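# Results of the structural survey
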Amino acid sequence: MKPVKVGLLGIGTVGSGVFEVLRRNQEEITRRAGRGIEISAVSRRDLEKARAIVGDAARVVADPRDIIRDPEIEIVVELIGGYDLARELVLEAIAAGKHVVTANKALLAVHGTEIFAAAQARGVMVAFEAAVAGGIPIIKSLREGLTANRIQWLAGIINGTTNFILSEMRDKGLDFDTVLKQAQALGYAEADPTFDIEGIDAAHKATLMSAMAFGVPVQFDRAYVEGITQLAAQDIRYAEMLGYRIKLLGISKRTPEGIELRVHPALIPAKRLIANVEGAMNAVVVQGDAVGTTLYYGKGAGSEPTASAVIADLVDIARLAGADASQRVPYLAFQQHALGDEVVLPMAQVVTSYYLRLRVADETGVLATVTRLLAEASISIDAVIQREADQVSGEGENQTDLIILTHETREGTMNEVLARIQALPAVKAPITRIRKEELA
Ligand code: HSE
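Thresholds applied
Within every chain, residues take consecutive numbers counted from 1 along the sequence as written. Given that this is a predicted model, residues contribute local features only at a pLDDT of at least 70 and side-chain atom pairs are listed and counted only at 80 or more, while totals for whole chains, interfaces and linings are drawn from all residues. The side-chain figures draw on all heavy atoms in the structure; neither hydrogens nor water molecules are used. As annotated, the domain borders come from an automatic or database domain assignment. Throughout, a residue-residue contact means that at least one pair of heavy atoms, one from each residue, lies within 4.5 Å. Values labelled buried area give the accessible surface lost by two parts on being combined, using a 1.4 Å probe and summing over both. Only strands that DSSP links by at least two bridges are regarded as paired with each other. In DSSP terms, a helix is any run of H or I states spanning at least four residues, a strand is any run of E spanning at least two, and both are numbered starting from the N terminus. A molecule or strand has a residue near it when one of that residue's heavy atoms lies within 4 Å. Counted as a polar contact is a pair of N or O atoms within 3.5 Å, where, for protein atoms, one must be capable of donating a hydrogen and the other of accepting one, and residues adjacent in sequence contribute only when both atoms are in side chains. Values of accessible area rely on a 1.4 Å probe in the Shrake-Rupley scheme; residue burial ignores everything except the protein chains shown. Computed over the protein atoms alone on a 1 Å grid, cavities are sets of points where a 1.4 Å probe fits but cannot get out and pockets are open sets with protein on both sides within 12 Å along at least five of seven lines; a residue lines them when it has an atom within 4 Å of a point. The rule for placing a molecule in a cavity or pocket is simple: more than half of its atoms must lie within 2 Å of the grid points. Ring pairs are drawn from Phe, Tyr and Trp, using the six-membered ring of Trp, whenever the two centres fall within 6.5 Å, and their geometry is named by plane angle: stacked under 30 degrees, edge-to-face over 60, tilted for the rest. Throughout, exposure labels follow a simple rule: accessible area from a 1.4 Å probe, protein chains only, divided by the maximum for the residue type, with under 20% read as buried, over 50% as exposed, and the rest as partly exposed. Grid points are joined across faces, edges and corners, and a volume is the space filled by probe spheres set on the points. Throughout, an axis means a line fitted to C-alpha atoms (over the contacting stretch in the case of helices), and angles, computed between N-to-C directions, take values from 0 to 180 degrees. What sets the label is the angle itself: under 35 degrees gives roughly parallel, over 145 gives roughly antiparallel, 65 to 115 gives roughly perpendicular, and the rest give oblique. Each crossing gets its hand from how the near helix is turned against the far one by less than a right angle, where anticlockwise is left-handed and clockwise is right-handed. Side-chain classes follow a simple rule in which Ala, Val, Leu, Ile, Met, Phe, Trp, Tyr, Cys and Pro form the nonpolar group, Asp, Glu, Lys and Arg form the charged group, and the remainder, Gly included, forms the polar group. Note that the arc is computed from the directions linking the helix axis to the C-beta atoms.

## Describing the domain arrangement of the chain
Along its sequence, the chain is carved into domain 1 (4-137 + 303-338), domain 2 (139-299) and domain 3 (351-436). With centres defined by C-alpha atoms, the gap from domain 1 to domain 2 works out at 26 Å. Each partner contributes to the interface: domain 1 provides 27 residues, whereas domain 2 provides 28 residues. Carbon and sulfur atoms supply 67% of the area buried between domain 1 and domain 2, which totals about 2,200 Å² over both sides.

## Considerations on the sheet that holds strand 5 (residues 99-102)
Spatially, 3-2-1-4-5-6 is the arrangement adopted by the six strands of the open sheet, whose pairing is parallel. Two strands bound the open sheet, and with one partner strand each, they are strand 3 (59-61) and strand 6 (126-127). Pairing of strand 4 (residues 75-78) with strand 5, which is carried by four bridges, proceeds in the parallel orientation. Note that in strand 5 the partner of Val-76 across the bridge is Val-100.

## Focus: the site of the ligand
Around the ligand, a shell composed of Lys-105, Asn-159, Gly-160, Thr-161, Asp-196, Asp-201, Lys-205 and Ala-301 is seen. Between the ligand and the protein, one listed contact pairs an oxygen atom with a backbone N or O atom of Gly-160 at 2.6 Å. Taking Asp-201, its side chain carries an N or O atom lying 3.1 Å from an oxygen atom of the ligand. For the ligand, whose unbound accessible area comes to 260 Å², protein coverage reaches 82%. At a threshold of 2 Å from the grid points, most atoms of the ligand map onto the largest pocket. Looking at the shell around the ligand, the elements with two or more residues in it are helix 7 (160-172) and helix 10 (200-214).

## Quick look at the packing of aromatic side chains
Going through the model one piece at a time under the given rule, you end up with two aromatic pairs. Ring centres of Phe-116 and Phe-128 lie 5.8 Å apart, and the angle between their planes is 40°; on these two criteria the pair is classed as tilted. In this pair, Phe-116 is assigned in helix 5 (residues 105-122) and Phe-128 in the loop between strand 6 and helix 6 (138-145), connecting sequence segments 12 residues apart. Here Phe-116 and Phe-128 have matching classes, each one buried. For the pair Phe-116 and Tyr-331, a centre-to-centre distance of 5.2 Å together with 20° between the ring planes defines the contact as stacked. Taken together, the residues span a long stretch of sequence, with Phe-116 in helix 5 and Tyr-331 in the loop between helix 12 (303-320) and strand 13 (351-361) at a distance of 215 residues.

## Observations concerning empty space enclosed by the protein
Remark: the empty space left among the atoms is shown by a probe the size of a water molecule rolled over them. In the structure shown here, the tally under the stated rule is three cavities of 30 Å³ or more. Estimates place the volume of the largest cavity at around 50 Å³. Lining the largest cavity, in full, are Ala-127, Phe-128, Glu-129, Ile-139, Lys-140, Arg-143, Glu-144, Asp-313 and Asp-316. For the lining of the largest cavity, the elements supplying multiple residues, two or more each, are helix 6 and helix 12. When residues in the lining of the largest cavity are grouped by element, the largest group, four residues, is from helix 6.

## Quick notes on the packing of helix 1 (residues 13-33) against helix 12
Relative to each other, helix 1 and helix 12 sit at 45°, their axes nearing to 8 Å. When the axes of helix 1 and helix 12 are compared, the pair comes out oblique. The crossing of helix 1 and helix 12 is right-handed. Contact with helix 1, carried on its side by Thr-13, Val-14, Ser-16, Gly-17, Val-18, Glu-20, Val-21, Leu-22, Arg-24, Ile-29, Arg-32 and Ala-33, involves Ser-303, Glu-304, Thr-306, Ala-307, Val-310, Ile-311, Val-315, Ala-318 and Arg-319 of helix 12 and no other residues of that element. Along the lines of polarity and charge, the residues of the contact of helix 1 with helix 12 split into 11 nonpolar, five polar and five charged.

## Section: helix 13 (residues 366-376)
Because each turn of an α-helix spans 3.6 residues, side chains separated by three or four positions in sequence point in the same direction. Here helix 13 has its buried residues at Val-366, Val-370, Leu-373 and Leu-374. Around the axis of helix 13, the buried residues are gathered within 100° of arc, so they sit on the same side. Counted as exposed and oriented over 90 degrees from the buried face of helix 13: Ala-375 and Glu-376. Looking at the buried residues of helix 13, the elements they touch are strand 13, strand 14 (381-386), strand 16 (398-406) and helix 14 (411-422). Positive backbone phi, approximately 60°, marks Ser-378, located one or two places after helix 13.

This is the structure:
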């Protein structure tokens with residue numbers, strides 16, 4: 001059988017990894033795929049840089065549309081990133097009857113519904129293993145390995161940059177800004193780290209996993225997104241004293257009222273395996289009714305780990321390109337016509353537990369007042385720590401940190417109580433609130 005011809009839109013870190021791994025493992029990959037996989041063309045505006053990567057092994061073009069127009073190319077791999085041009089090119093490739101592989105989580109989380117509908121109508125595949133957690137085969141697991149299950153929840157450390165920053169903050173007791181600067185100097189964090197540190201990248205990935213776990217369209221616009229920029233080193237220390245680690249989690253849960261989809265820092269018990277995922281590594285826990293708890297761990301970024309995922313998609317397509325479209329694995333794990341209409345719940349309806357840190361005047365009755373306000377809202381307390389008082393004001397007023405762990409309550413209820421507690425004269429600074437997930 002003739003090799004399948006592939007065109008890469010964009011060639012940089014991931015593209016060069018795809019080239020190298022295909023070259024190195026071509027023989028085994030061909031034995032698995034049943035036919036060879038040949039990158040016949042790549043596009044990049046800077047032709048010299050592209051040639052430096054591919055040499056004479058593939059045609060190099062400046063215009064990505066030259067690849068889309070090439071009748072010999074069956075699979076287009078989109079590695080340009082971003083929303084607009086990538087969307088146009090992917091839709092054009094689909095219209096031209098090409099199968100598409102993409103690592104672009106932002107594109108699919110926002111425009112997935114349009115792209116999957118176009119692909120379904122044209123009878124082509126859209127594969128995106130590299131879009132979530134890099135080299136970890138989590139898409140394959142959700143779409144195929146776990147199909148027997150009614151999935152109940154999933155939670156993941158799905159952004160390596162923020163996990164690296166949190167690990168450094170914990171190990172070295174440093175604050176966020178210092179570690180971010182170090183991470184940028186070392187090349188771990190982008191020059192513009194907004195998507196990573198504000199939780200947006202993780203929310204794109206959580207959106208895709210949520211859609212596949214629960215059989216609903218992508219709903220990024222309804223996701224709750226909070227990053228790590230406000231985290232203080234002292235909260236990481238207090239969490240540690242209470243037996244917890246703070247991680248940026250992407251969480252999606254099925255509840256009787258709807259689907260929770262949220263990204264925010266969370267305390268998780270230090271004894272959980274996922275709490276011990278350090279540095280730039282990624283991990284995802286998926287809980288299914290039949291299988292129980294499963295954990296997927298590995299590198300979430302990097303040239304060859306991401307190439308591993310891209311090539312797995314190429315092999316899938318090489319195997320299935322001739323099959324009837326109805327016999328292929330659906331884009332979002334559930335058949336397109338069978339996607340549900342459950343909506344993502346507003347954050348106020350989410351049920352979770354909390355870590356609270358209050359900077360309070362060290363006076364008689366403050367703790368009693370705070371706990372009374374929580375009790376009046378039926379919020380049960382799990383643990384309390386009060387640090388030794390320290391003198392802070394010129395008048396010699398003593399202040400102290402009051403740390404409270406609560407049991408579960410609705411976020412809306414917690415918001416109301418926190419507004420009341422914040423208004424107490426004895427509360428001297430904005431209250432810190434971090435959600436807590438037991439992941440049991
Ligand atoms: N910037 C991402 C991370 C990798 O830090 O995990 C690509 O999604």
